[in-house]
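Observations on chain architecture
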Amino acid sequence: MTISSDPKQVTQICFDRINIPNQNKLSVARENGAYEFLPTVLNDFDSAKIINEVKTSGIRGRGGAGFPTGLKWSFVPRNTGKPTYLLCNADEGEPGTFKDRDIMRFDPHLLIEGMIMAGFALDVRDAYIYIRGEFLHEANVLNEAIAEAYAANLLGENILGSGYSMNLTVHRGAGAYVCGEETALIESLEGKPGRPRFKPPFPAVEGFYRCPTVVNNVETLATVPAILKFGGEWHASIGIPNNTGCKIFSVSGHVNKPGNYEVPMGTSLKTLIEDYCGGLQHGSVPKVIIPGGSSTPWLTAEHYDTPLTYDDLMKAGSFLGSGAIIVMDETADLVALTRRLAHFYAHESCGQCTPCREGTGWLERVMKRVEGGKGCAGDVTVLKDASEHMAGRTICALAEGAAAPVLSLLKHFPEDVQTRLAESSK
Amino acid sequence: MSADTVRFSEERLAEIAELVKRYPGPQSALMPVLYMAQEDFGYISMDAQKMIAEVLGLRLMQVREVVTFYTMFKEQPTGKYLLEVCTNAGCMLNGAYELADHMCGTLGIRMGETTPDGLFTIAEVECAGACGGAPVVQVNNIYHEKATPASMDALITQVRADGGVE
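Here's what I pulled together on the structure shown here. (Residues numbered from 1 in each chain as written. Chains lettered and ligands numbered in written order. Predicted model: local features only at pLDDT ≥ 70, side-chain atom pairs only at ≥ 80, totals over all residues. Heavy atoms only, no water.)

1. A closer look at the environment of Ala-336 of chain A
Inspection of the secondary structure assignment puts Ala-336 of chain A in helix H13 (residues 334–348). Sequence-wise, Ala-336 of chain A and Lys-368 of chain A are 32 residues apart; in three dimensions their C-alpha atoms are separated by 8.2 Å. Residue contacts for Ala-336 of chain A: discarding those within four places in its chain leaves Glu-371 of chain A together with Met-92 of chain B. (Helix = DSSP H or I, 4+ residues; strand = E, 2+ residues; numbered from the N terminus. Contact = heavy atoms within 4.5 Å.)

As structure tokens, then:
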């Protein structure tokens, strides 16, 4: 690892080794520091120390919800007589998100090492990586890396003679966005349709097979080795308070160099787009920025200077989410884009909550007729009503995500909708 | 295929027996076993579903509700080459619809259809999670990023010239 012990020098954590070729091979990964600190953790650290370091680090879940990871771990009841499970959420289905894929295909051992450390802290015997079905290549890379780790006694019985044992299994999903929601993921891993569960009970208390379960995102787990090596305080000094560390942003849409960029938290949206992504394809100011994946409310040019943090994006009226930034320049057809996203949510609704199952259908049908020039004056009211009756009335957040693009379109670009409706009445 | 002929090989059954041990309960092995069936038989027929229910000790309904919930499990045969075009946000902003239209034109079929020779099926799919390489086309689950009408035409031409031999 070339990560600096001086937090002021740190610009990347998860992507530190990402450009080294053949990093997926254990020998190469080890030459570059993989598993170097693992024996220290297994022999000299205990559960309380690890959880404390992760708490101190301030890291918040990188999958979308931004819940403090250390706190999540501390909710796991001990000595219940039941096993505790660790599940890595590698479902990565939020439109615009493609960061975890790069960690898994280029540096799988970073994730495996993070999972061993997390598993050790939580007294986990069986851990699973739930990876979206489409990522067949990434699942194969992980399976090869895991086989190598088993052969080197980094997984399995009595890891490196420490007395700690952990199994790790890769489990493929099969094309269902909702399985990225942690309780749906648990249902799916139990061999059922991925329908979210009511909370509480939270998975920490009653999750996989009704046992205590921790579900963490790939990027979150991949940050654990650095946090334990350099300390929670070190991580807490990167970024800004309450928004600590580095974050991978997946930038797509109308930028010249789309891709994954890991930067310290607090870097501005404008810096990321102009300095890292080579600016916009057309014009100099974006028309719309979706900052945290398709389910997050849109930002417009006035928020171009917003620092990329959980708190600043919330202040701007949106969310950091998974760090998936979809950028649109002046050429974007926002009505068509909203219709496409409405189709996505209608397709992916699991159907168990009426407001979501029916609401997403209404949003798609109405957006389709507005786009197709068959809309009518009352459609704006229908879209608003349907959107407002979905959020907060369902088991999971999918409905809220479905409403976000429609409400954003109506709020920021009502004239785009009116133009289509005017064409319709001709 | 009848229920008698849809059978896993002895090797597969041994693999499944090992797989089941990795989970707290056998139902967790259902999705991986469905993938095995799809690989072995091309698609997951009703007879295959009945056989899987038997192998894992599940009710047929438990198998059916999973097969029908997840889009990657196919109950009908598809073309030898399944071309899945992502048209979600990132890909749409980078010409995915124009690409899809072009590919349908080259293949002479509409979205969702299979060519009469059984070589190609084209389908529109949801976000593939590779938006940095938009537009993305999956060809039998292999990602083709920054796909263009020319690159997809070349792929189709190549497959046709090879007569579909991989």
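2. Structural notes on the pairing of strand E1 (residues 84–90) of chain A
Residue and element names in this part refer to chain A. For E1, the buried fraction is high: 7 of the 7 residues fall into the buried class. Two strands pair when backbone bridges link them, and E1 and strand E2 (residues 124–131) are joined in this way by 7 bridges, in the parallel orientation. Looking at E2, one finds that Tyr-85 is bridged to Asp-126. Pairing between E1 and strand E4 (residues 213–217): 5 bridges, direction parallel. Considered in E4, the bridge of Leu-87 is made with Val-215. (Buried < 20%, exposed > 50% of the residue type's maximum accessible area, 1.4 Å probe, protein only. Pairing = 2+ DSSP bridges.)

3. With respect to the interface of chain A and chain B
Contact residues are listed per partner, giving 57 residues for chain A and 39 residues for chain B. In this structure, the connection of chain A to chain B is made through 3 salt bridges. A salt bridge links Glu-124 of chain B to Arg-340 of chain A, with the shortest nitrogen-to-oxygen separation between them at 3.9 Å. For the pair chain A and chain B, the number of links is 24 residue pairs in polar contact (both at pLDDT 80 or more). Elements with a contribution of two residues or more to the side of chain A that touches chain B: helix H5 (99–106), E2, strand E3 (167–172), helix H8 (182–189), strand E7 (246–253), strand E10 (324–328) and H13 of chain A. The dominant element in the side of chain A that touches chain B, judged by the number of residues it contributes, is H13 of chain A, at 9 residues. (Salt bridge = Lys/Arg side-chain N within 4 Å of Asp/Glu carboxyl O. Polar contact = N/O pair within 3.5 Å; in protein donor to acceptor, adjacent residues only side chain to side chain.)

4. Notes on the sheet that holds strand E8 (residues 259–264) of chain A
Residues and elements named next belong to chain A. As summarised here, the arrangement of the 4 strands in space is E8-E7-E10-E9, forming an open sheet in which the pairing is mixed. Only two strands of the sheet have a single neighbouring strand rather than two, namely E8 and strand E9 (288–290). Direction aside, the axes of adjacent strands within the sheet are offset by 25 degrees on average. Across 4 bridges, E7 lies against E10 in parallel orientation. If you follow Ser-250 over to E10, its bridge partner there is Ala-324. Here H5 sits on the sheet and contacts E7 and E8; the angle it forms with E7, its principal contact strand, is near 115 degrees. (Axes fitted to C-alpha atoms, helices over the stretch in contact; angles between N-to-C directions.)

5. Here we look at the side chain of Asn-216 of chain A
Residue and element names in this part refer to chain A. Considering the arrangement of structural elements, one finds Asn-216 in strand E4. Polar side-chain contacts of Asn-216 include one of 2.8 Å to the side chain of Trp-73. Other than its neighbours up to four places away in sequence, Asn-216 contacts Thr-69, Lys-72, Trp-73, Leu-86, Leu-87, Cys-88, Asn-89 and Leu-221.

6. Some details on unusual backbone geometry
Following Pro-200 of chain A, the chain continues into Pro-201 of chain A via a peptide bond in cis, with omega recorded as 0 degrees. Tracing the chain through its elements places Pro-201 of chain A in the loop between H8 and E4. Cis geometry marks the peptide bond from Ala-134 of chain B to Pro-135 of chain B; its omega dihedral reads -5 degrees. For Tyr-35 of chain A, which is not glycine, the phi dihedral falls at a positive 65 degrees. Relative accessible area serves as the criterion here: at 3%, Tyr-35 of chain A is assigned to the buried category.

7. Some points on helix H15 (residues 379–388) of chain A
All names here are of chain A. Turning to H15, its buried residues are Asp-379, Val-380, Leu-383, Ala-386 and Ser-387. Along H15, the residues classed as buried sweep out an arc of 135 degrees about the axis, all on the same side. For H15, the elements touching its buried residues are helix H14 (354–371), helix H16 (398–412) and helix H17 (414–425). (Arc of directions from axis to C-beta.)

8. A word on the packing of helix H3 (residues 46–56) of chain B against helix H4 (residues 60–69) of chain B
Think of two packed helices as two axes; the pair is described by the angle between the axes and how far apart they sit. Residues and elements named next belong to chain B. Close contact between H3 and H4 brings their axes to 8 Å; oriented N to C, the two are set at 125 degrees. Between H3 and H4, the angle is such that the two are oblique. By crossing handedness, the relation of H3 to H4 is classed as right-handed. Residues Met-46, Gln-49, Lys-50, Ile-52 and Ala-53 of H3 pack against Leu-60, Val-63, Arg-64 and Val-67 of H4. A per-class count over the contact of H3 with H4 returns 6 nonpolar, 1 polar and 2 charged. (Parallel < 35°, antiparallel > 145°, perpendicular 65-115°, else oblique. Left-handed = near helix turned anticlockwise from the far one by under 90°. Nonpolar A, V, L, I, M, F, W, Y, C, P; charged D, E, K, R; others polar.)

9. Details of the nonpolar core
The nonpolar side chains of a soluble globular protein tend to be buried with one another. Leu-87 and Met-328 of chain A together with Phe-8, Leu-34, Ile-52, Tyr-70 and Phe-73 of chain B are the most contacted members of the largest nonpolar core, which has 81 residues in total. With sequence-adjacent residues up to four places away left out, Tyr-70 of chain B is seen in contact with Tyr-130, Ala-174, Gly-175, Ala-176, Cys-179, Ser-188, Lys-192, Pro-193 and Gly-194 of chain A together with Met-31 of chain B. Judged by nonpolar contacts, the second largest core, of 68 residues, contains Ala-29, Met-115, Ile-146 and Val-170 of chain A. (Core = buried A, V, L, I, M, F, W, Y, C linked by side-chain atoms within 4.5 Å.)

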